[in-house]
Amino acid sequence: MPKKMTEIAFIDPTVSDGDVLLAGLRPGVEGILLTAAEPAPPQMARALAGRRDLETVHVIAHGAPGEVRFASGRCRPTAWRRMRPILPRSVRGLAATHA
C-alpha cells in the first residue's frame, strides 16, 4: 500500500538537479517543481488548497538573509504574510510563524 503523502516539497527550477531531488524524495513526500512563469506563492497556495493531511511543507530554493529567491522573483517575510489569507487553514500557521 502506498504511503500517505503527509509532506510536500516545493522545488524551485533554479536549484541544480531539481529532477534528481524530485526522483529521490522519500515515501510520503509529494514533490512539486515550481515554474518561473508565475510567482511562487500562488503556485504553492494552489498546490496546498484542500490539503488537510500535511504535517510539513518544504521549500527548496536559493536565498539570502531575509528572503527566499525563486526563479519568479524574491520573496520576503512581508510577502509570506500577505499570502496567509490565500493559504488553506491547515498551513496558515507556517506563514505566521516561519516568515
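Because the structure is a prediction, the values reported are computed rather than measured.

Conventions we followed
- Residues numbered from 1 in each chain as written.
- Predicted model: local features only at pLDDT ≥ 70, side-chain atom pairs only at ≥ 80, totals over all residues.
- Heavy atoms only, no water.
- Pairing = 2+ DSSP bridges.
- Helix = DSSP H or I, 4+ residues; strand = E, 2+ residues; numbered from the N terminus.
- Axes fitted to C-alpha atoms, helices over the stretch in contact; angles between N-to-C directions.
- Contact = heavy atoms within 4.5 Å.

Colleague: Describe the sheet that holds strand β2 (residues 29-33), listing the residues and the values that go with them.
Modeller: With respect to topology, three strands assemble into an open sheet ordered β2-β1-β3, the strand pairing being parallel. Each having just a single partner strand, β2 and β3 (56-60) make up the two edges of the open sheet. In this sheet, neighbouring strand axes are inclined to one another by 20° on average, regardless of whether the strands run parallel or antiparallel. One ladder, built from five bridges, connects strand β1 (residues 7-11) with β3; its direction is parallel. Among the inter-strand pairings, Glu7 is bridged to a residue of β3, identified as Thr56. With respect to the sheet, helix α2 (residues 40-48) is in contact with β1, β2 and β3, its orientation differing from that of β1 by roughly 155°.

Colleague: Describe the sheet that holds strand β4 (residues 62-64), naming the residues involved and giving the relevant values.
Modeller: Within the open sheet, the three strands sit side by side as β4-β5-β6. Their pairing is antiparallel. Each edge of the open sheet is held by one strand with a lone partner, namely β4 and β6 (73-75). Each neighbouring strand pair of the sheet contributes to a mean axis angle of 30°, computed without reference to strand direction. Pairing analysis gives three bridges linking strand β5 (residues 67-70) to β6, with the strands arranged antiparallel. Opposite Arg69, over in β6, you have Arg74 as the bridge partner.

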